[in-house]
Amino acid sequence: MANGPSETHELPSYGDEVFSFTYPAQTERLDSLGDVCDPATTADLARWDLSPGAHCLEIGAGTGSLALWLADRCPDGSVTATDTDLRFLSGLDHPALRVLQHDVRTQSFPPESFDLVVARSVLCHLPERAALPARMASWLKPGGRLYIEDPSFFPAASSPDPVVRRLGEAVTTTLARALGSDVAAWARSFPAPLNASGLVGIGMRIHCPTLTATNTAGRAWALSIADLLPTIEREGALTRDEGVAALEHLARPGFIDTAHAMIAMWGVRPPNPHTEVRHTG
Ligand SMILES: C[S@@+](CC[C@H](N)C(=O)[O-])C[C@H]1O[C@@H](n2cnc3c(N)ncnc32)[C@H](O)[C@@H]1O
């Protein structure tokens, strides 16, 4: 599923055509995804005793819910929230928050800048993903933590519902062809991508949101499919009629299933000798 650079350098970037920020429901889609993911992500991050003076970096912060949560936790430190497109971040106001236009593929930070580096639902969409954990780890201070979370649609493949199986396959192949994303094997391989990063204390966590016709996870999924529908059709994964029928299926009263897992992996940059460490796997 992961494409090599020669196959992908002609592909558009996230937001150019696919998941365009001009999609009318893009804020609602990103906010819903944040609402579904934030409880599990923040529960992980809260376990690690982030100091109020910590300096954090969130890559691809979207609408900024996680960055704001971090800013509340680190009022005496800082949170740098980056994205290639700042339209949903530029209005956020928090004394500890700094918003920065930055492309994680091509732009860097000085070594040893941060106590925590976070990226959620970003690397899966970047064809250069395999090289990024080690690059991001180089921005950590000794004792600092890297935390990467991404979706995998492997639960859809085993769904008893043929519409969910077909949609999961259509989303996975369309995103791979149109963007160079990997929403199947990449996150399912966690935490192996951290093996060459030089980090220690490596761990992982998995969470499969329940989708219904009326809950936030179901709404986020339906908005994502609706956003992708023209691309799904263009890539030949479903016809328009099949796509519309699938969306109607998701909106039926009583619909309930799971289609994707959110998988997180983390590791800690080895601390300097004589530094007290407060981490567990
Ligand atoms: C699916 S959204 C996830 C938003 C947020 N991290 C969350 O989980 O709620 C992916 C975000 O990554 C940003 N992004 C895509 N490519 C990027 C890149 N090369 N560098 C930095 N951010 C990028 C997008 O603009 C978008 O805001």
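See above for the structure.
Keep in mind that this is a model prediction, so the values were computed, not measured.

S.K.: Would you mind going over the overall build of the protein in detail, with residue names and values included?
M.R.: Looking only at helices and strands, one finds nine helices and nine strands in the protein. For the protein, whose C-alpha radius of gyration is 19 Å, the value lies close to the compact-globule estimate of 19 Å for 281 residues. Reported as C-alpha extents along the three principal axes, the dimensions of the protein are approximately 60 × 40 × 35 Å. Relative to all contacts within the protein whose residues are 6 or more apart in sequence, the contacts with residues 24 or more apart total 72%.

S.K.: With reference to specific residues and values, describe the site of the ligand.
M.R.: Around the ligand there are 22 residues in total, and Y14, G60, G62, R120 and S121 lie nearest to it. Those elements giving two or more residues to the shell around the ligand turn out to be α2 (26-46) and β2 (78-83). Element by element, the count of residues in the shell around the ligand is highest for α2, at four residues. Class assignment of the residues belonging to the shell around the ligand gives a composition of nine nonpolar, eight polar and five charged.

S.K.: Outline unusual backbone geometry, supporting the account with residue identities and numerical values.
M.R.: Put simply, F190 and P191 share a cis peptide bond, and its omega is 5°. Although it is not a glycine, F19 adopts a positive phi angle of roughly 55°. Mapping F19 onto the fold places it in the loop between α1 (5-8) and α2. With a phi close to 55°, D49 is a non-glycine residue in the positive phi region. Tracing the backbone shows D49 in the loop between α2 and β1 (55-59).

S.K.: Just give me the short version of the nonpolar core, but keep the residues and values in it.
M.R.: Counting residues in hydrophobic clusters, the biggest one holds 78 residues, and the most contacted among them are C56, A67, V79 and L146. Of the residues forming this core, the biggest block, eight residues, is contributed by helix α6 (residues 162-179).

S.K.: Can you break down helix α3 (residues 65-73) residue by residue, with the values?
M.R.: Within the sequence span of α3, burial applies to S65, L66, A67, L68, L70 and A71. In the core, the buried residues of α3 are packed alongside α2, β1, β2, β3 (97-101) and β4 (114-120).

S.K.: Describe in detail the environment of L238, supporting the description with residues and values.
M.R.: Of note, L238 is situated in the loop between α8 (216-234) and α9 (240-250). Between the alpha carbons of L238 and G34 there is a distance of 27 Å; along the sequence they are 204 residues apart. Each residue touching L238, except ones within four places of it in the same chain, is listed here: A170, I232, E233 and G243.

S.K.: Describe the sheet that holds β1, naming the residues involved and giving the relevant values.
M.R.: Hydrogen bonds along the backbone pair up the strands of a sheet, which may run parallel or antiparallel. Read across the sheet, seven strands follow the order β3-β2-β1-β4-β5-β9-β6 without closing on themselves; strand pairing throughout is mixed. Of all strands in the sheet, those with a lone pairing partner are β3 and β6 (200-207), marking the two edges. Each adjacent strand pair in this sheet contributes to an overall mean axis angle of 15°, direction not counted. Both β2 and β3 contribute to a ladder of five bridges, which runs parallel. Considered in β3, the bridge of D83 is made with Q101.

S.K.: Go over the environment of S113 with me, naming the residues and quoting the values.
M.R.: Within the secondary structure, S113 is located in the loop between β3 and β4. For the pair formed by S113 and L57, sequence separation is 56 residues and the distance between their alpha carbons is 9.0 Å. The residues touching S113, leaving out its near neighbours within four places in the chain, are H55 and W139.

S.K.: Explain α8 to me, using residue names and the numbers behind them.
M.R.: With 19 residues, α8 should cover 27 Å at 1.5 Å per step; its first-to-last C-alpha distance of 28 Å lies within 8% of that length. In the structure, α8 departs most strongly from a straight axis at L228, where the bend amounts to approximately 50° and where the proline P230 lies between one and four residues downstream. Of all the positions in α8, only A217, G218, R219, A220, W221, A222, L223, S224, L228, T231 and I232 are classed as buried. Lining the buried residues of α8 we find α2, α6, β7 (211-212) and α9. G236 sits one or two residues past α8 and shows a positive phi near 75°.

S.K.: Account for the pairing of β1, with residues named and values stated.
M.R.: Moving residue by residue along a regular strand, the side chains alternate between the two faces of the sheet. Within β1, four of the five residues are buried, which leaves the element mostly enclosed by the surrounding structure. Across four bridges, β1 lies against β2 in parallel orientation. Its bridge partner lying in β2, L57 is registered against T80. For the crossover from β1 across α3 to β2, the handedness is right-handed. Pairing between β1 and β4: four bridges, direction parallel. Bridge assignment links E58 to a residue of β4, and that residue is V118.

Calculation criteria
- Residues numbered from 1 in each chain as written.
- Predicted model: local features only at pLDDT ≥ 70, side-chain atom pairs only at ≥ 80, totals over all residues.
- Helix = DSSP H or I, 4+ residues; strand = E, 2+ residues; numbered from the N terminus.
- Rg over C-alpha atoms; globule rule 2.2 N^0.38 Å.
- Contact = placed C-beta atoms within 7 Å.
- Near = placed C-beta within 6 Å.
- Nonpolar A, V, L, I, M, F, W, Y, C, P; charged D, E, K, R; others polar.
- Core = buried A, V, L, I, M, F, W, Y, C linked by C-beta atoms within 7 Å.
- Buried ≥ 20, exposed ≤ 12 C-beta atoms within 10 Å, placed from the backbone.
- Pairing = 2+ DSSP bridges.
- Axes fitted to C-alpha atoms, helices over the stretch in contact; angles between N-to-C directions.
- Expected span 1.5 Å × (residues − 1).
- Bend = angle between axes of the 7 residues up to and from the residue.
- Right-handed = clockwise from strand over helix to strand, strands pointing away.

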